[in-house]
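Results of the structural survey
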Amino acid sequence: MPYASQSLTRFCFVFLGAKFVPEEDNFLQRHVAFFDRNKDGIVYPSETFQGFRAIGCGYLLSAFASLFINMGLSSKTRPGKGFSLSFPIEVKNIHLAKHGSDSGVYDKNGRFVESKFEEIFAKHSKTHPDALTNKELKQLLNSNKEANDRKGAIAAFTEWKILYYLCKDKNGLLHKDTVRAVYDGSLFEKLEKQKASKKHA
Ligand code: HEM
Ligand SMILES: [Ca+2]
């Protein structure tokens, strides 16, 4: 973004109270917008940390996640801009941070591909119709692995394992509706509400 329009965005946010709203059909923007705590369109490391804490993650995981996610994705989402030590992630460009060895449920623009989502469960949920066991999740990750893509495989492993750790049921199953909700980010809002209500109980 040229400097003038960047300043205009900042002006609108600060003085007019305008908020960044993710595109309705861009599920990847919605996935990430939860972590943009003040809705200015940018996720800073402190916001990733606060978002992780809000959904019930411990200090250590939240601290590591905020460092790795922001250091890893910041530059990719800021094409044409220099490196920034405050490691901002621009939500509108989050599709540029997609990696390999993923499920393909997000297309290259960050939109949700229903057929790819259904494919996960058609191929891998053998024990229970609408859920994945830990072993089936491992098989999913292995079958998504692309050749010479260690970085992508590690990123995919981390995303799925954190999801499993946070959301598996008491029988160790990761349910289809939970996985659907992580794609559009609504899962994060639900976890935040659950955590807040536990705190007040
Ligand atoms: C507890 C927090 C989070 C969990 C459990 C989580 C989980 C996931 C899962 C399961 C996927 C799908 C991967 C696939 O389709 O194979 C994904 C994709 C993605 N997530 Fe997250 N995520 C979290 C937080 C974040 C944050 C904070 C960011 C960045 C600010 C982020 C950026 C992405 C991106 C860019 C993708 C697309 C990867 C691709 O399709 O290549 N996620 N995440
Ligand atoms: Ca922000």
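Before any of the text, the structure's been laid out above.
Here goes a summary of the coordinates provided.

Reading guide: rules and limits
- Sequence positions are assigned chain by chain, starting from 1 and proceeding in written order.
- Chain letters and ligand numbers both follow the written order, the letters beginning at A and the numbers at 1.
- pLDDT decides what is reported in this predicted model: residues at 70 or higher carry local features, side-chain atom pairs at 80 or more are listed and counted, and totals for whole chains, interfaces and linings draw on all residues regardless.
- Excluded from the side-chain calculations are hydrogens and water; all other atoms, namely the structure's heavy atoms, are used.
- Cavities and pockets are defined on a 1 Å grid built over the protein atoms alone: a cavity is a set of grid points where a 1.4 Å probe fits but cannot escape, while a pocket is an open set with protein on both sides within 12 Å along at least five of seven lines, and lining residues are those with an atom within 4 Å of any such point.
- Grid points are joined across faces, edges and corners, and a volume is the space filled by probe spheres set on the points.
- Secondary structure counts use DSSP, requiring at least four H or I residues in a row for a helix and at least two E residues in a row for a strand, with both numbered from the N terminus.
- The residue classification treats Ala, Val, Leu, Ile, Met, Phe, Trp, Tyr, Cys and Pro as nonpolar and Asp, Glu, Lys and Arg as charged. All others, Gly included, are polar.
- Distances up to 2.8 Å from the metal define which N, O and S atoms are donors, and 3.2 Å serves for Na, K and Ca; water is absent from the atom set, so sites may look incomplete.
- Type-normalised accessible area, obtained with a 1.4 Å probe on protein chains alone, sets the label of each residue: buried when under 20%, exposed when over 50%, and partly exposed for intermediate values.
- The arc in question is formed by the directions pointing from the helix axis toward the C-beta atoms.
- Every residue pair with non-hydrogen atoms within 4.5 Å of one another is taken to be in contact.
- Disulfides are defined in this document as cysteine sulfur pairs within 2.5 Å.
- Just to be clear on the cut-offs, tetrahedral is four donors with all angles between 85 and 135 degrees, square planar is four donors and octahedral six with opposite donors over 155 degrees apart and all others between 65 and 115, and anything else goes down as irregular.
- Throughout, near means a residue has at least one heavy atom within 4 Å of the molecule or strand.
- Each polar contact in these results corresponds to two N or O atoms within 3.5 Å; when the atoms are within protein, one needs to be able to donate a hydrogen and the other to accept it, and residues that are neighboring in sequence are counted only if both atoms are side-chain atoms.
- For a molecule to be placed in a cavity or pocket, more than half of its atoms must lie within 2 Å of the grid points of that cavity or pocket.
- As used in this record, nonpolar core signifies buried Ala, Val, Leu, Ile, Met, Phe, Trp, Tyr and Cys residues forming a set joined through side-chain atoms within 4.5 Å.

Right, let's talk about the layout of surface pockets for a bit. Estimated volume of the largest pocket: approximately 1400 Å³. Around the largest pocket sit 43 residues that line it, and Ile69, Leu73, His99, Ala155 and Glu159 are the ones nearest its centre. Contributions of two or more residues to the lining of the largest pocket are made by helix H2 (27-33), helix H3 (45-54), helix H4 (59-73), helix H7 (150-167), helix H8 (176-183) and helix H9 (186-200). Per-element tally for the lining of the largest pocket: the top contributor is H7, with ten residues. Of the residues that constitute the lining of the largest pocket, the class distribution is 27 nonpolar, ten polar and six charged.

Among protein residues, the single donor to the iron atom of ligand 1 is His31 (NE2), with a metal-donor distance of 2.2 Å. As for its placement among the helices and strands, His31 is situated in helix H2.

The next point concerns helix H6 (residues 134-144). Buried within H6 are the following residues: Glu136, Leu137, Leu140, Leu141 and Asn144. For H6, the angular spread of buried residues about the axis comes to 145°, placing them on one side. With respect to the buried face of H6, the exposed residues turned more than 90 degrees away are Lys135 and Lys138. Where H6 is buried, its residues contact helix H5 (114-124), strand E3 (131-132) and H7.

On inspection of all chains with the given rule, the structure shows zero disulfides. Take Cys57: it sits in no disulfide, and the sulfur closest to it among the cysteines is that of Cys167, at 9.2 Å.

In the first shell of the calcium ion (ligand 2), the protein supplies Asp36 (OD), Asn38 (OD1), Asp40 (OD), Ile42 (O), Glu47 (OE) and Glu47 (OE), at 2.2 to 2.6 Å from the metal. Coordination at the calcium ion (ligand 2) is irregular, judged from the six donor atoms that bind it and the angles of 52 to 164° they form at the metal. Motif for the calcium ion (ligand 2), donor spacing along one chain: D-x1-N-x1-D-x1-I-x4-E. The residues Ile42 and Glu47 share a single accessibility class, namely buried.

What follows concerns the site of ligand 1. Near ligand 1, the surroundings consist of 22 residues, among which His31, Lys98, His99, Ser103 and Tyr183 are the closest. At 3.0 Å from a nitrogen atom of ligand 1 is found a side-chain nitrogen or oxygen belonging to His31. Between ligand 1 and Tyr183 there is a distance of 2.8 Å, counted from an oxygen atom to a side-chain nitrogen or oxygen. Among the detected pockets, ligand 1 sits in the largest pocket. The element contributing the most residues to the shell around ligand 1 is H7, with five residues. Residue classes in the shell around ligand 1 are distributed as 16 nonpolar, three polar and three charged.

This paragraph deals with the nonpolar core. Within the largest apolar cluster, 40 residues are counted, with the highest numbers of intra-cluster contacts made by Ile120, Trp160, Leu163, Leu174, Val179 and Tyr183. Only H2, H3, H5, H6, H7, H8 and H9 provide two or more residues apiece to this core. Element by element, the count of residues in this core is highest for H7, at six residues. The residues touching Leu163, leaving out its near neighbours within four places in the chain, are Lys168, Leu174, Thr178, Val179, Val182 and Leu187.

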